[in-house]
Amino acid sequence: MDYNPISITTALMLLVLFGIVWIFFGWWLGRKNKSLDDFMLAGRNVGLAFAGATAMATWITSNTTLVAPQLTYELGIWGMVGYSLAALGLILFAPMAKRIKELMPKGYTCGDFIRVRYGKTAWIAFLVVSFCYAMGWLVSLGMAGGVLLDTLSGLSYNVGMTVILVICVGYTLLGGLKAVIATDYVQTIIIIVGVLIIGFVCYQTVGFDRVYEFNKEHHPELLNLLFPAAMMFLFNNIFFGLGEIFHSNVWWSRALAFRPGIGKKAYLMSGLLWLPIPIVTGFIALSAPVLGLYPDSSDMVGPMVAANLLGDLGAIFVFIVVFSALASSLDSLLAATSDLVTRDIYNGLIDKSASKEKLHRISKLVILGLGFVTWLICLPKITTLGALLNFTGAFVASTIWPIVLGLYQRRLSGDFVTAALVLGTISGLIGYHTIGFYVAALFSCIVSFLICMIGLLVKNDNFDWQRLQNMEKSQ
Amino acid sequence: MTSGHFNLIWPVKDESTTSEEKESDGDREDESSAIEPSTIKATLVDFEKHSATQLKISSDQFFSHISHAINIHPTQRAVSLTGFSDGDYYAQLYDASNNPVSNTVMVTVEHHSMFKVWVIFTSGAALFLILIGYMVTKVFRHKEEA
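Residues numbered from 1 in each chain as written. Chains lettered and ligands numbered in written order. Predicted model: local features only at pLDDT ≥ 70, side-chain atom pairs only at ≥ 80, totals over all residues. Heavy atoms only, no water.

## Points about the overall build of chain A
Consideration 1: The helix and strand inventory of chain A stands at 20 helices and zero strands.
Consideration 2: The proportion of buried residues among the 475 residues of chain A is 66%.
Consideration 3: In chain A, of all internal contacts separated by at least 6 residues, the share reaching a separation of at least 24 is 87%.
Consideration 4: As displayed, chain A has an accessible area near 15200 Å², and 69% of this comes from carbon and sulfur atoms. (Helix = DSSP H or I, 4+ residues; strand = E, 2+ residues; numbered from the N terminus. Buried < 20%, exposed > 50% of the residue type's maximum accessible area, 1.4 Å probe, protein only. Contact = heavy atoms within 4.5 Å. Areas by Shrake-Rupley, 256 points an atom, 1.4 Å probe, with all protein chains shown as cover.)

This is the structure:
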């Protein structure tokens, strides 16, 4: 195939056009932001349509458009199914979103919950885990933007990565969570329509029979239900997805921003709508060998097949879809990580008496700072997208049980949660390095679960839920 | 290789020695392939006498039976391959006239043992069932306390 189906000029024009539209949209939505609640949590009044769209758009990220095809290409049927089952994260978070809103109506971040529920030591361990994950995801998104532009247009990686970061930082800075949610709504429509069109064209051009017959002969493991690495990956990816959603402030801030009674429906709806998307993008990846397409790097297989099927015009379409997916996640993550740093680190550790106005200013500075740090880490392109994402699985899966039990059990205490987070993460990292990326989250979750169970058996914290209502500053 | 997926790269022989040494095992370390560099024997080097247009893969070193003939772009310097069963595979670059334009490299694919796989799979399934059981009985049916 032609290596660069879009010219650099076209790519730059698209970038400028998108940049102007999104940044103007951010400014227009953010001009009425008056308070910290408006900026961080969109006034805590987001309705069902926007709520469902933002949850779905944020979950459809470079992970879905680039890594889901990559994992199907590498791990076959189980890679595709395992990735799709990450939707369980959204579905299982649905009742928890309702609980979160009820338990802490004045809360801002997931860190608030951990601090009050489990105490300072567990809170610091949680912040480390959460921050490592957020930075990993941010950097992977910036890198994905650069790689995408490089692959489709030949535009230098550094330029593409820089531009996408500037655009997302720009409109997040101007509009806060309101701009993020509104752009997510538009981006969701673009992504769903785009993925469905590409999937349909792929089905019409290649078809199930050819995909099955060709891969059976030339790439048999992809269709093998006893594919060893893929079998290990299946539950690992489910726990990775659960950990990502259960612990991340991206999802907590939305639960707190949605109107009362909306969160549960929004997360259920978005989870069910998201479920088939990786199946479609996975099928696209399985078609690659049939079309004689073997990418330089497996994470570019999705856009490569789509650009090949749809031609030059299609490559522009692919660019818009993937760009939307990247932007919808990057902005959400910037906003949510900024909340976490502002509320938990600045307000929690540095200036405990800061006014809301000051926190509002700090929050904007943090967004700028995060954008800059992400840009710096992205520059040397030290690793690949998948490497970074799977590495974070070891961190986030350790939070699943502490979060679930913390929301519904009074017994579990902070000491055991700290141990679960630390030892779970260490076990996940050991699994990552000794066996493979496909066990990191699973190992982390198993060890964390065992420690939490011991904690429930040997100690009763008898936590008072009222303390979350008032968001106590100290235990 | 333990996941049946691997990357091959072919630096041009005339390129600086530094770049060749950097990727001396002929593969690019890939996060998701769990590549063990020792399983790729030698470095695939494009002699660039003619442009390589095809990468051929065979399960025997004499290439009597070609299992994969992959067309490549003249500027392409890497390829990501997937879905291979256990065994030794040989790869070599060819030009448009079907003449070899590189050396041959051998890649050994050896998947994880099924015992290890079943232990990990069963553990994951058990933990997943426990979580779903807890969510269904406690979380989804939870009634707010007064």
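## Structural notes on the overall build of chain B
Consideration 1: Along chain B, the regular secondary structure elements total two helices and seven strands.
Consideration 2: Excluding contacts between residues fewer than 6 apart, the proportion of contacts in chain B whose partners are at least 24 apart in sequence is 62%.
Consideration 3: Approximately 7100 Å² of chain B is accessible, and the part contributed by carbon and sulfur atoms is 55%.

## Some points on the side chain of B:His68
Consideration 1: The residue B:His68 is located in strand β4 (residues 66–71) in this model.
Consideration 2: Reaching out from B:His68, the side chain makes a polar contact with the side chain of B:Ser67 at a distance of 2.9 Å.
Consideration 3: Setting aside residues up to four positions removed in sequence, B:His68 forms contacts with A:His218, A:His219, A:Tyr294, B:Leu55, B:Lys56, B:Ile57 and B:Phe84. (Polar contact = N/O pair within 3.5 Å; in protein donor to acceptor, adjacent residues only side chain to side chain.)

## Focus on the packing of helix α17 (residues 400–408) of chain A against helix α2 (residues 114–139) of chain B
Consideration 1: The contact between α17(A) and α2(B) brings their axes to 12 Å, and the two run at 20°. Put simply, α17(A) runs roughly parallel to α2(B). In the packing of α17(A) onto α2(B), the handedness of the crossing is left-handed. Between α17(A) and α2(B), the residues in contact are A:Ile400, A:Trp401, A:Val404, A:Leu405 and A:Tyr408 and B:Leu127, B:Ile130, B:Leu131, B:Tyr134, B:Met135, B:Lys138 and B:Val139, respectively.
Consideration 2: Looking at the contact of α17(A) with α2(B), its residues break down into 11 nonpolar, no polar and one charged. (Axes fitted to C-alpha atoms, helices over the stretch in contact; angles between N-to-C directions. Parallel < 35°, antiparallel > 145°, perpendicular 65-115°, else oblique. Left-handed = near helix turned anticlockwise from the far one by under 90°. Nonpolar A, V, L, I, M, F, W, Y, C, P; charged D, E, K, R; others polar.)

## Some points on the interface of chain A and chain B
Consideration 1: Opposite the 55 residues of chain A that make contact, chain B presents 47 residues.
Consideration 2: Summing the contributions of chain A and of chain B, the shared interface buries around 4600 Å²; its carbon and sulfur component is 70%.
Consideration 3: Where chain A packs against chain B, one counts zero salt bridges.
Consideration 4: Secondary structure elements with two or more residues in the side of chain A that touches chain B: α4 (62–84), α5 (87–103), α10 (228–247), α16 (385–396), α17 and α19 (440–458) of chain A.
Consideration 5: If one sorts the elements of the side of chain A that touches chain B by residue count, α10(A) sits on top with 10 residues.
Consideration 6: Along the lines of polarity and charge, the residues of the side of chain A that touches chain B split into 41 nonpolar, eight polar and six charged. (Buried area = accessible area lost by both parts, 1.4 Å probe. Salt bridge = Lys/Arg side-chain N within 4 Å of Asp/Glu carboxyl O.)

## A word on the layout of surface pockets
Consideration 1: Here the second largest pocket defines a volume of roughly 270 Å³.
Consideration 2: Across the lining of the second largest pocket, the residue classes break down as 13 nonpolar, one polar and no charged. (1 Å grid on protein atoms, 1.4 Å probe; cavity = no way out; pocket = protein on both sides within 12 Å on 5 of 7 lines; lining within 4 Å. Points joined across faces, edges and corners; volume = space filled by probe spheres on them.)

## Some points on the side chain of A:Asn215
Consideration 1: Considering the arrangement of structural elements, one finds A:Asn215 in helix α9 (residues 208–218).
Consideration 2: Once you skip the residues sitting within four places of it in the chain, A:Asn215 turns out to touch A:Pro220, A:Leu222, A:Leu223, A:Leu286 and A:Pro289.

## A look at α5(A)
All names here are of chain A.
Consideration 1: For α5, built from 17 residues, the straight-helix expectation of 24 Å at 1.5 Å per residue is met to within 8% by its first-to-last C-alpha distance of 25 Å.
Consideration 2: At Ala-94, α5 shows its maximal kink, close to 40°; a proline, Pro-95, follows between one and four residues later.
Consideration 3: Here α5 lies mainly inside the structure; 15 of its 17 residues are buried. (Expected span 1.5 Å × (residues − 1). Bend = angle between axes of the 7 residues up to and from the residue.)

## Some thoughts on the pattern of salt bridges
Residue and element names in this part refer to chain A.
Consideration 1: Counted under the stated rule, the structure contains five salt bridges over all chains.
Consideration 2: Close ionic contact of Asp-461 with Arg-117 constitutes a salt bridge, the shortest N to O distance being 3.6 Å. On the criterion of sequence distance, the pair formed by Asp-461 in the loop between α19 and α20 (466–470) and Arg-117 in helix α6 (residues 110–118) is long-range, its members being 344 residues apart.
Consideration 3: On the basis of relative accessible area, Asp-461 is assigned to the partly exposed category, the value being 31%.
Consideration 4: The salt bridge involving Lys-358 is made with Asp-351; its shortest N-O contact spans 3.0 Å.

## Things to note about the environment of A:Leu334
All names here are of chain A.
Consideration 1: The topology assignment puts Leu-334 in helix α14 (residues 301–350).
Consideration 2: Residue Leu-334 is classed as buried on the basis of its relative accessible area of 0%.
Consideration 3: Spatially, the C-alpha atom of Leu-334 lies 10 Å from that of Leu-165, the residues being 169 residues apart in sequence.
Consideration 4: Not counting residues up to four positions away in its chain, the partners in contact with Leu-334 are Leu-138, Cys-168, Val-169, Thr-172, Ile-367, Leu-370 and Gly-371.

## Some thoughts on the nonpolar core
Consideration 1: Of all hydrophobic cores here, the largest spans 184 residues; its most connected members are A:Phe93, A:Met96, A:Phe239, A:Phe246, B:Leu55 and B:Leu81.
Consideration 2: If you tally residues by element for this core, the top one is α14(A), at 20 residues.
Consideration 3: Excluding anything up to four places from it in sequence, A:Phe239 contacts A:Ala397, A:Ile400, A:Ala441, A:Leu442, A:Cys445, B:Gly124, B:Leu127, B:Phe128 and B:Leu131.
Consideration 4: A:Ile191, A:Val195, A:Ile277 and A:Val321 belong to the second largest nonpolar core, which has five residues in total. (Core = buried A, V, L, I, M, F, W, Y, C linked by side-chain atoms within 4.5 Å.)

## Thoughts on a nonpolar patch on the surface
Residue and element names in this part refer to chain A.
Consideration 1: A cluster of nonpolar side chains, namely Tyr-185, Val-186, Ile-189, Val-193 and Ile-197, defines an oily patch on the protein surface of about 380 Å² accessible area.
Consideration 2: Within the fold, Ile-189 resides in helix α8 (residues 157–205).
Consideration 3: For Ile-189, a relative accessible area of 48% gives the class partly exposed. (Patch = residues over 30% accessible without salt bridge, like charges linked within 9 Å, V, L, I, M, F, W, Y side chains within 5 Å.)

## Thoughts on unusual backbone geometry
Consideration 1: Positive phi values are uncommon outside glycine, yet A:Asn462 reaches one of about 45°.
Consideration 2: Position of A:Asn462 among the secondary structure elements: in the loop between α19 and α20.
Consideration 3: Its relative accessible area of 54% is what places A:Asn462 among the exposed residues.
Consideration 4: Residue B:Asn98 is not a glycine yet carries a positive backbone phi of 65°.
Consideration 5: By the element assignment, B:Asn98 lies in the loop between β6 (87–94) and β7 (105–109).

## Side note on the pairing of β7(B)
Residues and elements named next belong to chain B.
Consideration 1: Most of β7 sits out of view: five of its five residues are buried.
Consideration 2: Side chains Val-105, Val-107 and Val-109 project from β7 onto one buried face, and the interleaved Met-106 and Thr-108 project onto a second face that is buried too.
Consideration 3: One ladder, built from five bridges, connects β6 with β7; its direction is antiparallel. Residue Asp-88 lies in a different strand from β7, and its bridge partner there is Thr-108. (Pairing = 2+ DSSP bridges.)

## Some words on the packing of aromatic side chains
Consideration 1: Summed over the entire model, instances satisfying the criterion amount to 24 aromatic pairs over all chains.
Consideration 2: Geometrically, the ring pair formed by A:Phe93 and A:Phe246 is tilted, given 6.3 Å between the ring centres and 35° between the ring planes. Here A:Phe246 lies in helix α10 and A:Phe93 lies in helix α5, a separation of 153 residues in the sequence. Residues A:Phe93 and A:Phe246 agree in their burial class; the two are buried.
Consideration 3: Plain terms: the ring middles of A:Phe463 and A:Trp465 are 5.6 Å apart, the flat faces sit at 75° to each other, and that makes the pair edge-to-face.
Consideration 4: Judged by its relative accessible area of 8%, A:Trp465 is buried.
Consideration 5: Each member of the aromatic cluster is reached from another via a ring pair, and the members are A:Phe235, A:Phe239, B:Trp118, B:Phe121 and B:Phe128.
Consideration 6: When the ring centre of A:Tyr408 is taken as reference, the NZ or CZ atom of A:Arg99 above it lies at 5.3 Å.
Consideration 7: Cation over ring: B:Lys56 sits above B:Tyr94, and NZ or CZ is 4.4 Å from the ring centre. (Phe/Tyr/Trp six-rings, centres within 6.5 Å; stacked < 30°, edge-to-face > 60°. Lys NZ or Arg CZ within 6 Å of the ring centre and 35° of its normal.)

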